[in-house]
Protein chains: 2
Amino acid sequence: MQADAVFLLSVGNMEIPPSWARPETVIIHCESALEPGMTDYLLHNVTHSCSRWLQEQQYRPWNLCSCKLQPLNPVPTDIEISRAQTPKPVAQLAEEIGLLPEELEAYGRNKAKVQLSLLDRLHSQPDGKYVLVAGITPTPFGEGKTTVTVGLVQALSAHLKLNSFACLRQPSQGPTFGVKGGAAGGGYAQVIPMEEFNLHLTGDIHAITAANNLLAAAIDARILHEATQSDKSLFKRLVPSVYGVRKFSPIQISRLRRLGINKTDPASLTPEEVSSFVRLDLDPSQITWQRVVDTNDRFLRKITVGQASTEKGQIRETGFDIAVASEIMAILALADSLKDMKNRLARMVVGSSRSGEPVTAEDLGVSGALAVLMKDAIKPTLMQTLEGTPVFVHAGPFANIAHGSSSVLADKLALKLVGRDGYVVTEAGFGADIGMEKFFNIKCRASGLSPNVMVLVATVRALKMHGGGPNVSAGAPLPKEYINENLSLVAGGCHSNLKKQIQNAHLFGVPVVVALNVFKTDTQAEIDLVCQLAKECGASDAVPCRHWSQGGRGSLELAMAVKEAAGRPTNFQFLYNTEMPILEKIRTIAQKVYGAEDIDLSPEASSKIDYYNQQGYGSLPICMAKTHLSLSHMPDKKGAPTGFVLPIRDVRASIGAGFIFPLVGTMSTMPGLPTRPCFYDIDLDPETEEIIGLF
Amino acid sequence: MQADAVFLLSVGNMEIPPSWARPETVIIHCESALEPGMTDYLLHNVTHSCSRWLQEQQYRPWNLCSCKLQPLNPVPTDIEISRAQTPKPVAQLAEEIGLLPEELEAYGRNKAKVQLSLLDRLHSQPDGKYVLVAGITPTPFGEGKTTVTVGLVQALSAHLKLNSFACLRQPSQGPTFGVKGGAAGGGYAQVIPMEEFNLHLTGDIHAITAANNLLAAAIDARILHEATQSDKSLFKRLVPSVYGVRKFSPIQISRLRRLGINKTDPASLTPEEVSSFVRLDLDPSQITWQRVVDTNDRFLRKITVGQASTEKGQIRETGFDIAVASEIMAILALADSLKDMKNRLARMVVGSSRSGEPVTAEDLGVSGALAVLMKDAIKPTLMQTLEGTPVFVHAGPFANIAHGSSSVLADKLALKLVGRDGYVVTEAGFGADIGMEKFFNIKCRASGLSPNVMVLVATVRALKMHGGGPNVSAGAPLPKEYINENLSLVAGGCHSNLKKQIQNAHLFGVPVVVALNVFKTDTQAEIDLVCQLAKECGASDAVPCRHWSQGGRGSLELAMAVKEAAGRPTNFQFLYNTEMPILEKIRTIAQKVYGAEDIDLSPEASSKIDYYNQQGYGSLPICMAKTHLSLSHMPDKKGAPTGFVLPIRDVRASIGAGFIFPLVGTMSTMPGLPTRPCFYDIDLDPETEEIIGLF
């Protein structure tokens, strides 16, 4: 009798937990009575097998069935590549990476939500290595952080057979139908099916839109009802008599507590208490909550609402943001449990009362409903790369007014799933001066996770721009400097922007691997120069990547370099202590990360800082809203500008998400449609149900 | 050797279609050669078995595993009842009703989209009986059409063991968080899990919102770009040079065709042709396309957009409707294939040019993208009742400015799935004068389906109101006439509104079964009186229903009555021929269905009719936008008013959906939030993930 085969013999009537119900589980029914002494022998075997089994459960390399790629030359369009590869059923992928069937909620054949209970089940499992992908200051085209991320996990999982997960942001539909197109990666480094990734996915952004706009509707309706009713009639309606009994709802009890009224019987409130309970007394000019749509709808940037006669003259100016700029998106990305999300939703400040007190979503009685609308959105969505390796897609907050990273929960789940020797590769929006800084100071502070390596994505094109090349703009043909070899421009870019971004990572004690995303116009001399100079500037390693044309095979060198760097001890530290004054936190980021001489606060910014201090929000981390096109606030200053004073125009706060965001210049939170948006080419073949023209 | 066991013996190398791959399919491999004569014998057996098998496939009663109910008294809340019942896995339900695994796209454990390819597979299958549930003119509380529908299928499927399907509308989230609460039925006649039904479901309404608002953004952006660019620069951008080549996209070719320009080379267009191609020349004051949100947001009823400086003064007044009022929702409900939906989306008219020409979604180049956004929404969602019987949830157009019925596709799929002896029970919004009339004249005309029976839902409460009882209004306590027995008020209601609605059904040649939805305050004498008078007024039968407190068992009498009535021959006919002039169609409905003396057209309505005739839209059916609280246009005129003249304030058109809608009075397409919306009671338990307070 083999030891492995008996280890569940002695459980008898014990209930077998669902997490044991695995292929390895063998239950032997003994029909004859056991010999004396045999019991001890069996018990020994059982103990031994159990611990071995548990160990295997925890550190087991996945038995991942990777999908072969046969890259074509020239590289076809993204949707053609995506469609040419048949994804594994998501249930199969889930099984391969150790998820139990009951932890999965399929959405069609190719994507599934993963339940958060997984975190409890794998609680004692050590985390894998945590790899951040950030970029140098980009051209307006973007330099390919997502393709590098996807290529890297394809190389790690499918080629080096190391457990690895990519954690990506869900893209907004605005850019998909606007100018930019999709965001599932590109070429032979993509998440598939790319159309499911780029369209509704599992509805998370729609849930955010619904929650954001329910709160907005509640704000204006409340202003109207308060304006047209007496205290008494408001109270009668807010605490109605049901079968003769008046009762506060739990959410109303919370508001009473915050008002310092420790009563639960509606009849016992004094008229003053009734008044302070029923009147939020929102100042219409101080409402900061905007509505959202997930569409590039520029005409909604500034609007006037309430103009129908039914709203009785309560008109006011407001606007819509793109859905991913909603504070609820930032909360989704930062929450580390359902409870945490619910509390953050309740804390969101939507404006202030005429006496200057902050008014929250909970004051409006709507925070429970918001949590209900978001209860499925909090579960990350599992998809796969072109080579059949796992990807979490979850959350996608704006990288300017929010922090621009995918969710804490997706990263945490992935770190448990890959196990001690595995890799989780996650991405930060915009250049490293913004994306990486916020990733470390905001996201890692919220999650408690610390990164092992940063991959810094660079392109010869962007380096030439930073080295003094002519202006690069979307829509115009690329100047010849970017098409022909030009080593001095490349060197200039390496010694300025690339060097500064490497140094920025070192401020946090994180080693840097430079990933040069190779374009077909790059010459070998240019590639070699970047790799050599990057190392001279302090990178642990610097390698060319050819994932776009070759898939994971084209990123093998990067994967090896990341593995090597991740093996070193790290010395991760935050850039600032949150207990520092708001002003000092802003100055620290401006000087140390951007290279500014100092900061210059507008009077408005200054008085806002005083207000936030007074409201007790002074120890929140800082989320800078700055252009991503320069290390400075001036988009046309490339390289690594110095000697400038960073102007802080205004300071705002996302209390639920948990950060203060200073505005450096004007940030658009609603993109527009150009004369010819992408949608002109997008079509559906009604016979085959295939999508055409998505990229 | 048994005949059943050999019927696939002779298929040899034939490809076995996927629809044969069923438990019944048996393939025998003969390893020895066959004796002479044996072949004939086997072939005979094969033919015989095949035809028997095919027959069984088509008319097979489902082997439905129904879920037992043990109703409690008093009846708990809807969410408590829903949560107390464990739904079958949707994959099991799908298998029980004859769906193949590849025809199902699960969305979590409890709901799944069903692929339209099913219609091809079951093409030769005869349809089941088609039952419409409509109601008498309701009180503001509604009289329970959905609970009757659900109770009826629970009785048919779970108790009488007759294949049956309910087809319901997906509810808007506006009312769920506003006043009305959910729409999954109630008591022991519900679709479960009710929270999944009432919240995001499978995202169809979100897809509609996204599509509707992409089109809206395209309209305003186009106006801006045309206002700020020359013909030449518009053309250069709309038909850009890609690698030196200018090419029209297919959607642009379509526009050229409509303009009568049969060219495909951009260089060959004359300056006049360029101008007419690039300039839609939309008249901002004639734009009829509104934006939508699925929230009760009254402040968006009338707004001004484009006030940011980036929109260069192109401000205009517009508004938001609730998402379910979008024309795209009406199209989803009426389309009978992906191709049909795509064509309807392309035809949608969003406004007119300054010269009075209609401008379509296709003119804006966006109709392909709209179809892409809607490609999953077109598949109906499968759920189940409390007793484990199947339900399709699909589409939910507004019952005033649209036709108020669930989708043609859900009904068609369900009719094939239940088979010849089965029943599909579908619902029409509002009272029968609106819901039923539109169901017959618009939906049945689009689908080609003809109904076998109409179930007319009545309550003692509504009958008393029509019999002269005092005013009933939401929020106020019910007057005593509605709580105590009052036979004369009941009789008055039967002889007026109930009788007229029965007669209305007979205009279409459809037999009527009256379903009296019994409340606990109803007396036996009242119940008996309704049943007696309903039959005197022409109903085939009239029975009390107690599904709310008893589930399907409480609707057994109704199920028997429907079975009896559905067995009779029908003589279905439309009320009007679409070739009649618009004015005559409106008059026919007003006089024959509403009991009006005549109609009175405003000058605006009159000129709109001329315009639609001139544009070639004269032969579309009519979709009246009238209050549902009276047979007339006056909400306070109960019973069956006569002698009134119906005022037609305005006439509008939904060209993509395919109907003209005359406005009788003011129709609100955006509900508001009251002082205390339902959301005050809605909460989420973060430990159990359970929802509290949804009803």
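Residues numbered from 1 in each chain as written. Chains lettered and ligands numbered in written order. Predicted model: local features only at pLDDT ≥ 70, side-chain atom pairs only at ≥ 80, totals over all residues. Heavy atoms only, no water.

**Student:** I'm lost on helix α18 (residues 487-507) of chain A in this one. Help?
**Tutor:** One full turn of an α-helix is made of 3.6 residues, so residues set three or four places apart face in the same direction. The end-to-end C-alpha distance of α18(A), which contains 21 residues, comes to 29 Å, matching closely the 30 Å that a straight helix rising 1.5 Å per residue would cover. Gly509(A) sits one or two positions beyond α18(A) and adopts a positive phi of about 75°. (Helix = DSSP H or I, 4+ residues; strand = E, 2+ residues; numbered from the N terminus. Expected span 1.5 Å × (residues − 1).)

**Student:** I tried to follow the interface of chain A and chain B on my own but got confused; where do I start?
**Tutor:** Reports often express the size of an interface as the amount of accessible area lost when the parts come together. The interface is formed by 82 residues belonging to chain A together with 82 residues belonging to chain B. Summing both sides of the interface, chain A and chain B together bury roughly 7400 Å²; the carbon and sulfur share of this comes to 64%. Looking at the side of chain A facing chain B, the largest losses of area belong to Phe299(A), Thr675(A) and Tyr680(A), adding up to 12% of the total buried there. Between Arg298(B) and Glu311(A) there is a salt bridge whose closest N-O contact spans 2.7 Å. Linking chain A to chain B there are 45 residue pairs in polar contact (both at pLDDT 80 or more). A per-element tally of the side of chain A that touches chain B places helix α8 (residues 204-228) of chain A first, with twelve residues. Across the side of chain A that touches chain B, the residue classes break down as 39 nonpolar, 20 polar and 23 charged. (Contact = heavy atoms within 4.5 Å. Buried area = accessible area lost by both parts, 1.4 Å probe. Salt bridge = Lys/Arg side-chain N within 4 Å of Asp/Glu carboxyl O. Polar contact = N/O pair within 3.5 Å; in protein donor to acceptor, adjacent residues only side chain to side chain. Nonpolar A, V, L, I, M, F, W, Y, C, P; charged D, E, K, R; others polar.)

**Student:** I'm lost on the relation of the copies chain A and chain B in this one. Help?
**Tutor:** What relates the two chain copies is a rotation about an axis together with a slide along it. Taken as rigid bodies, chain A and chain B are interconverted by a rotation of 180° and an axial shift of 0.0 Å, the fit giving an RMSD of 0.0 Å. On the angle and the small slide along the axis, the relation comes out as a two-fold axis. Of every C-alpha in chain A, the one belonging to Tyr107(A) sits nearest the axis of rotation, 2.1 Å from it. Comparing interface residues between copies, 100% of those in chain A also lie at the interface in chain B; the contact surface is shared. (Least-squares fit on C-alpha atoms with pLDDT ≥ 70 in both.)

**Student:** Quick question: what am I supposed to make of the pairing of strand β14 (residues 349-353) of chain A here?
**Tutor:** A regular strand places its side chains so that they alternate between the two faces of the sheet. All names here are of chain A. For β14, a buried count of five out of five residues is recorded, marking the element as mostly surrounded by other parts of the structure. Sheet analysis places strand β9 (residues 282-287) next to β14, joined by two bridges and oriented antiparallel. In the sheet register, Leu-282 faces β14, and the bridge partner there is Ser-353. Examined bridge by bridge, β14 and strand β15 (residues 358-360) share three bridges and lie antiparallel to one another. Paired with Ser-352 across the strands is Pro-358, a residue of β15. The hairpin formed by β14 and β15 contains four residues between the paired strands, and Gly-356 there has a positive phi angle of roughly 90°. (Buried < 20%, exposed > 50% of the residue type's maximum accessible area, 1.4 Å probe, protein only. Pairing = 2+ DSSP bridges.)

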